[in-house]
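Close look at the chain arrangement
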Amino acid sequence: QAARSTRTIVIAGVPAGLLQDDVMADILTIHFQMSRNNGGDVEEVTYPTRNKGVAYITFEDQEVVESVLKKDQHLLQDKRLSRLYPLTVTRYCDNNDVSSSLIHLIML
């Protein structure tokens, strides 16, 4: 089994404060398990985190990370949400935190 960090992605743009945290974690789990989102078996969802609107998703297989990252756009959709929410999906990096990952994204 691949190291946990290589099976984890960082999600930004999670709508904070709309629903209870455990409900939002469930919605994220469902989204990233769906084949239409290039998803697969989710091992764990970490939400909320100390960064507002950010979640971590750990998959059981590293291959799922690669396929999820290949999807052009992730739109979070659920009947409990009033609209679609675009999510930013990035690879988790062991040696830095989310803020430096976001800085890297901005610089791309």
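Residues numbered from 1 in each chain as written. Predicted model: local features only at pLDDT ≥ 70, side-chain atom pairs only at ≥ 80, totals over all residues. Heavy atoms only, no water.

Labelled according to an unreviewed UniProt entry, the protein appears under the name RBM43 protein, originating from Sylvietta virens.

On to unusual backbone geometry, then. Outside of glycine, negative phi angles account for most residues, and trans bonds account for most peptide bonds. Residue Pro48 is bonded to the preceding Tyr47 through a cis peptide linkage, with omega at 0°. Position of Pro48 among the secondary structure elements: in the loop between strand 2 (42-46) and strand 3 (54-59). Look at Asn38: it is not a glycine, yet its phi comes out positive at around 60°. Considering the arrangement of structural elements, one finds Asn38 in the loop between helix 1 (21-33) and strand 2. Of the residues examined, Asn38 reaches a relative accessible area of 28% and is grouped as partly exposed. (Helix = DSSP H or I, 4+ residues; strand = E, 2+ residues; numbered from the N terminus. Buried < 20%, exposed > 50% of the residue type's maximum accessible area, 1.4 Å probe, protein only.)

There is a patch of like negative charges on the surface, built from Asp41, Glu60, Asp61 and Glu63. Relative to the elements of secondary structure, Asp61 occurs in the loop between strand 3 and helix 2 (62-70). Judged by relative accessible area, which is 39%, Asp61 ranks as partly exposed. (Patch = residues over 30% accessible without salt bridge, like charges linked within 9 Å, V, L, I, M, F, W, Y side chains within 5 Å. Areas by Shrake-Rupley, 256 points an atom, 1.4 Å probe, with all protein chains shown as cover. Salt bridge = Lys/Arg side-chain N within 4 Å of Asp/Glu carboxyl O. Lys, Arg positive; Asp, Glu negative; His and termini not counted. Charge placed at Lys NZ, Arg CZ, Asp CG, Glu CD.)

Residues of helix 2 that are buried: Val64, Val65 and Val68. Taken end-on, helix 2 shows its buried residues confined to a sector of 105°, consistent with a single buried face. Exposed positions of helix 2 whose direction lies more than 90 degrees from the buried face are Glu63 and Lys70. (Arc of directions from axis to C-beta.)

The end-to-end C-alpha separation of helix 1 is 18 Å, in line with the 18 Å expected for 13 residues at 1.5 Å each. Inspection of helix 1 places Val23, Met24, Ala25, Ile27, Leu28, His31 and Phe32 among the buried residues, and these make up the whole buried set. Along its buried surface, helix 1 packs onto strand 1 (8-12), strand 2, strand 3, helix 2, strand 4 (74-76) and strand 5 (85-91). (Expected span 1.5 Å × (residues − 1). Contact = heavy atoms within 4.5 Å.)

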